[in-house]
Amino acid sequence: MRGFNIFAEHADPTWETTGPLQFSYTQADFKAMAALGANYVQISQPGLFRMRPPYNINTEAQANLDQLLKMIGKSGLKAVIAFRTGPGRNEYAFRYQADYDPQFAQRLYEPLWNSRQAQSAFVAMMRYTASRYKNSCVVIGYDPLVEPNFISAVADQTGIYLAPDRFYAKYGGSIHDWNQLTPRITAAIRKVDKNTPILLEPESYGAVGFLSYLKVTGDPRTVYAVHNYEPHETYTHQPKNGTVTYPGLMDLAGDGSKTLVDRNWQSTLLQPLRDFKIKHNVPVAVTEMGAHRFVPGVVAFLNDQFDLLDEIGASYALWEWRAPGDLYYDFDLRMGTDPTNEVPDPSNPLLAVVGKHFAKRK
C-alpha cells in the first residue's frame, strides 16, 4: 500500500473532545491523491469515544469519519482508521513539551497509561469501531492508537527519555505497558470483525528502535507499523532557513561529532523493520514518514527512503496531505521545495519523486 496521512482534530483550542472538527477535506483532495498513484489514506483523527467518563460516543468524530470514508471510497481509494485520541487521551499527548510551554502541562490529559477504567473504555471503543465498519468496502485497517507514548510521561518526570531496554526493564508487564493492552484490543476487534487488518505501533511514538519490543499478538491479520522522521531534530524538522543537507555529515548527538547520514545510514536505521518482518513472518509498514518539504536534499532523502521500503516490502504513508484552508505548509509536498511558495506547484520535484515511486507499486 502507498498513500498519505490526513489529519483532523477538534477545533476547541483546549482539545477537549467536543465540538466540530477542523480541516475539511474535499472530494478533489482524494481525487488528486489517486491521480498521483496513491491507493490508500491513513485517517489520523479523534477516536469515536470521548476522552473523559462516561466515555460516550464522540458524534462529531464519527460524522467526520463517515464523511471521509464516503469521499475516499468514491475516489477509488482504501482507508485505515487511526485514532489519535479516545478514552484517557487528548491531543496534547502529541504536543506536550513542558520545558517549552508550561501551559501544556495543565492541558495534557492522558490517564490511559495508568487507569484500568480508561483502558477498558478504549478496548470498548475499538470493538464499537470494528462493529460499525466491519462491512465497509473502503476500510482496510484499524490502527487503534497513533504513537503510543507512555515514555513521554516518564521523561516529563525525569527529563530523560529511556532507551528501550531500560524502559521495558522498569515498566514491561505493568499497566503502563502498551503490550498488555494490545491483546485485549485485538480480542475485542476479533469478536465482531474477523477479517479487517489491525495495525499496531510500538512505544515511543511508534519509533523504529522500539519495534523489537512490540509483542506479536498471534493474530494472523495484524500489520506491525512504525513512524519514521529520523534524523528528526537534526534534519527532517529543520526550519526554513536550515542548512543541514542530505546526504551529508550531521551532528546527531548534539555534541559536535559528525555522522554521515546517507542511504546506508537510512538502511541501518530501518534494519529493525527488516528483522521484525523476517523473525515473525508478519507484514510491516511505515504509516507516517516524511520531512519538511524545504530541507536541503529532501528529494534525495525521500527517494532513498522509498527505495529502501520497496526492498523491505513495507507499505507506507507520507505525512501529510494538508486540507484546504490549513495554512501549515511545512509537510505539504504539493508546494514544492521553495519555502516561500504557498500555492500548489504540480511540476515540483517532490511530486515527481512521489509519483515515480507510487507508479512502481501499481
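Anyway, here's the lowdown on the structure attached to this text.

What counts and what doesn't
- Residues numbered from 1 in each chain as written.
- Predicted model: local features only at pLDDT ≥ 70, side-chain atom pairs only at ≥ 80, totals over all residues.
- Heavy atoms only, no water.
- Helix = DSSP H or I, 4+ residues; strand = E, 2+ residues; numbered from the N terminus.
- Rg over C-alpha atoms; globule rule 2.2 N^0.38 Å.
- Buried < 20%, exposed > 50% of the residue type's maximum accessible area, 1.4 Å probe, protein only.
- Contact = heavy atoms within 4.5 Å.
- Areas by Shrake-Rupley, 256 points an atom, 1.4 Å probe, with all protein chains shown as cover.
- 1 Å grid on protein atoms, 1.4 Å probe; cavity = no way out; pocket = protein on both sides within 12 Å on 5 of 7 lines; lining within 4 Å.
- Points joined across faces, edges and corners; volume = space filled by probe spheres on them.
- Nonpolar A, V, L, I, M, F, W, Y, C, P; charged D, E, K, R; others polar.
- Salt bridge = Lys/Arg side-chain N within 4 Å of Asp/Glu carboxyl O.

1. Looking at the overall build of the protein chain
Piece 1. The number of helices and strands found in the protein chain is 14 helices and twelve strands.
Piece 2. A globule of 362 residues ought to have a C-alpha radius of gyration of about 21 Å, and the protein chain, at 20 Å, matches this closely.
Piece 3. Along the three orthogonal principal directions, the C-alpha set of the protein chain runs to about 50 × 50 × 45 Å.
Piece 4. Here the protein chain, with 362 residues, has 57% of them falling under the buried criterion.
Piece 5. A separation threshold of at least 6 residues defines the contact pool for the protein chain, and within that pool the share at least 24 residues apart is 70%.
Piece 6. Working note: accessible area of the protein chain is about 15,000 Å², and carbon and sulfur atoms make up 53% of it.

2. Some points on empty space enclosed by the protein
Piece 1. Counted under the stated rule, the structure contains two cavities of 30 Å³ or more.
Piece 2. A volume near 70 Å³ is recorded for the largest cavity.
Piece 3. Along the walls of the largest cavity sit Gly290, Ala291, Arg293, Val298, Leu302, Leu318, Trp319, Phe331, Leu333 and Leu350, which together make up its complete lining.
Piece 4. Considering only residue class, the lining of the largest cavity consists of eight nonpolar, one polar and one charged.

3. Focus on the environment of Lys74
Piece 1. Tracing the backbone through its elements, the reader meets Lys74 in helix H2 (residues 59–74).
Piece 2. Using a relative accessible area of 68% as the deciding quantity, one classes Lys74 as exposed.
Piece 3. The spatial distance from the C-alpha of Lys74 to the C-alpha of Arg2 is 18 Å, given a sequence separation of 72 residues.

4. Overview of the pattern of salt bridges
Piece 1. In total, this model carries 14 salt bridges according to the counting rule given.
Piece 2. Here Arg50 ties to Glu60 by a salt bridge, and the two come within 3.0 Å at their closest N and O atoms. Of this pair, Arg50 sits in the loop between strand S4 (40–45) and H2 while Glu60 sits in helix H2, and the two are ten residues apart along the sequence.
Piece 3. Residue Arg50 is classed as buried on the basis of its relative accessible area, which comes to 14%.
Piece 4. Its salt-bridge partner being Asp307, residue Arg263 comes within 3.1 Å of it at the nearest N-O pair. Of this pair, Arg263 sits in helix H11 (residues 263–269) while Asp307 is found in helix H13 (residues 298–312), placing the two residues 44 residues apart along the sequence.
Piece 5. Arg263 gets classed as partly exposed once you look at its relative accessible area, which sits at 29%.
Piece 6. Through salt bridges that share partners, Arg263, Asp304, Asp307, Asp310, Glu311 and Lys360 make up one connected network.

5. Concerning helix H8 (residues 182–192)
Piece 1. Residues of H8 that are buried include every one of Thr182, Ile185, Thr186, Ala188, Ile189, Arg190 and Val192, and no others.
Piece 2. On its buried face, H8 is in contact with helix H5 (116–133), strand S6 (139–143) and strand S7 (198–200).

6. Quick word on the environment of Leu350
Piece 1. Counting through the fold element by element, Leu350 comes out in helix H14 (residues 349–360).
Piece 2. As a C-alpha pair, Leu350 and Met335 span 15 residues in sequence and 8.7 Å in three-dimensional space.
Piece 3. If we ignore the near neighbours within four places in the chain, the residues touching Leu350 are Arg293, Val298, Val299, Leu302, Leu333, Gly336 and Thr337.

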